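# Residue-level structure breakdown
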Amino acid sequence: MMIDPQLREKFLGGMSHAACTVNIVTTDGPAGRAGVTVSAMASVSAETPRPTLLVCVHHESLAASKMHDNGVFCVNVLRDDQAYISDTFAGRFKETLQDKFECADWLPMPSGSPRVVDPLVGFDCTIASSNRIGAHYVFFGEVNDIFIAERGSPLIYANRAYGATSRIETAASIGTAKNASKNTLSVGCFHTFSPYILPEIIERMHMRSPEVLIELVEGDQRRVQESLQAGETELALLYDIDLHGELDKTPLTELEPYVLLAEGHPLAQKNTLTPKDLAEYPMVLLDAPPSRDYFTGILESAGVRPNISLRSSSLEMVRGMVAHGLGYSLLATKPASSMSYDGRALVSRVLCADAKPSQVVLTKRKGLRLSQPAQQFHDFCYDFFHTNSQGENK
């Protein structure tokens, strides 16, 4: 059977946008124990004698053959703080971990299949049927027993990266709330620089209009843009990177990239640094789009392949790891304090590289007529960055 390679790539690219829960499918029995990470898990029907679900497992996976022979499996739906379990069963630590099951504590379900002690959900299944389609086996499982955690959120996989769920209000509920309170203003902001911009602006708003209630939506570039498009927020502070064409923007300021180092780092002796200076040292990456691509792109454009040893989506976590000598980082937001949360000294050095500064913009939906509180906020933002010397240093 011929496969259309172009259609296949488009299909994979399209499916990468379909958010899925991350699951560990395990089995145990006469054929032995096995497990594998899968995202292809779905409900089939609750209107059968026993509820039915399906999972898809690659035919070359050891788990597939053992599931066939054992006739049972358990679907462990992971929590959003259990990505390490997913990485382990996806084979990312096979060089250092001989037994994948060592990454967590397990309990047997009634079928004997292992269940993570504390997943979000555990479905214990007997295989009703299976069918190979292409490179995967589709296993239909009759659910015999279910474990459900009292709290927690699912680990999500989309756009080839892990994520977590966040409740988004519908436009209807937002409109109802706004009608109930004409003096409520919802503002979005990119999460890394929001603590260094918003507090003073909000203070000014409260001094001028104390009756206005400000609600914040903080997140990465995608999350905040979506809040604007859905009407969840009226205004948002974002980087001018990959913005949707349906958004209007007002330029506010530019943030120059710099090198962050521990006070005792060997490179701290220099006042300016180039990408070549950083090549041999480990990097702590601010792993939040679009920041991660922007910073790694600066190095790659200079012919330097970044040696990423640690990564975090939290700016303060990155600063903390750098302060402990675990690597350097490239950042654009520069807090007033030169100390990490736990009191370690940090230094910043000028980065000499052919890199465009990051531009911070205030955005809104095109054609949207701003409410009076939103127009006040817009004016305060513009004034903050264009006439306030403190704002110019942020």
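Before going into details, it helps to say that this report is about the structure given with it. (Residues numbered from 1 in each chain as written. Predicted model: local features only at pLDDT ≥ 70, side-chain atom pairs only at ≥ 80, totals over all residues. Heavy atoms only, no water.)

## Details of helix α10 (residues 372-386)
End to end, α10 covers 21 Å across 15 residues, agreeing with the expected 21 Å (1.5 Å per residue, within 8%). Residues P373, A374, Q376, F377, H378, F380, C381, F384 and F385 constitute the buried set of α10. (Helix = DSSP H or I, 4+ residues; strand = E, 2+ residues; numbered from the N terminus. Expected span 1.5 Å × (residues − 1). Buried < 20%, exposed > 50% of the residue type's maximum accessible area, 1.4 Å probe, protein only.)

## Digging into the sheet that holds strand β14 (residues 213-219)
Strand-to-strand pairing in sheets goes through backbone hydrogen bonds, with the strands running parallel or antiparallel. Strand order in this open sheet of 5 strands is β14-β13-β15-β23-β16, and the pairing throughout is mixed. Lying at the two open borders of the sheet, with one neighbouring strand each, are β14 and β16 (247-255). The mean angle between the axes of side-by-side strands here comes to 20°, regardless of whether they run parallel or antiparallel. Inspection of the sheet shows strand β13 (residues 184-190) paired to β14 by 7 bridges, in the parallel sense. In the strand pairing of β14, L185 is matched with I214. (Pairing = 2+ DSSP bridges. Axes fitted to C-alpha atoms, helices over the stretch in contact; angles between N-to-C directions.)

## Structural notes on the pattern of salt bridges
Across all of its chains, the model carries 15 salt bridges by this definition. The closest approach of N and O atoms between R79 and D118, which form a salt bridge, is 3.2 Å. Here R79 is found in the loop between β6 (72-77) and α3 (83-89), whereas its partner D118 is found in the loop between β8 (114-116) and β9 (121-133), with 39 residues between them in sequence. A residue is classified by how much of its surface remains accessible, and D118, at 37% relative accessible area, is partly exposed. (Salt bridge = Lys/Arg side-chain N within 4 Å of Asp/Glu carboxyl O.)

## Comments concerning the environment of L351
In this structure, L351 sits in strand β22 (residues 346-351). With 95 residues separating them along the chain, L351 and E256 place their C-alpha atoms 8.6 Å apart. Excluding its chain neighbours within four sequence positions, the residues that come into contact with L351 are P257, Y258, V259, L273, T274, P275, L278, I298 and L330. (Contact = heavy atoms within 4.5 Å.)

## Notes on the pairing of strand β17 (residues 258-262)
Burial analysis of β17 places 5 of its 5 residues in the buried class, the great majority of the element. Burial of the side chains of β17 extends over both faces: Y258, L260 and A262 are buried on one face and V259 and L261 on the other. Bridge count for β17 against strand β21 (residues 329-331) is 3 bridges, and the pairing is antiparallel. Directly across from Y258, in β21, lies its bridge partner L331. The pairing of β17 with β22 spans 5 bridges and is classified as antiparallel. Pairing of Y258 across the sheet is with V350, part of β22.

## Points about the sheet that holds strand β1 (residues 20-21)
Ordered in space as β1-β11-β12, the 3 strands form an open sheet in which the pairing is antiparallel. Edge strands, defined here as strands with exactly one partner in the open sheet, are β1 and β12 (161-164). Relative to strand β11 (residues 155-158), β1 runs antiparallel, the two sharing 2 bridges. Counterpart to C20 in the pairing with β11 is Y157.

## A few points about unusual backbone geometry
Cis geometry marks the peptide bond from P289 to P290; its omega dihedral reads 5°. Inspection of the secondary structure puts P290 in the loop between β19 (282-286) and α8 (291-301). The residue N159 is not glycine, and still its phi comes out positive at about 55°. Looking at where N159 falls in the secondary structure, it is placed in the loop between β11 and β12. The class of N159 is partly exposed, set by a relative accessible area of 43%. For R160, which is not glycine, the phi dihedral falls at a positive 60°. Within the element layout of this structure, R160 appears in the loop between β11 and β12.

## Concerning the nonpolar core
Ranked by size, the top nonpolar core spans 64 residues in total, and within it L237, L278, Y328, L330 and F377 carry the most contacts. Other than its neighbours up to four places away in sequence, L330 contacts Y258, V259, L278, M283, F295, L299 and L351. In this structure, A34, A63, V75 and F139 belong to the second largest nonpolar core, which totals 19 residues. (Core = buried A, V, L, I, M, F, W, Y, C linked by side-chain atoms within 4.5 Å.)

The values reported here are purely geometric and, on their own, carry no functional implication.
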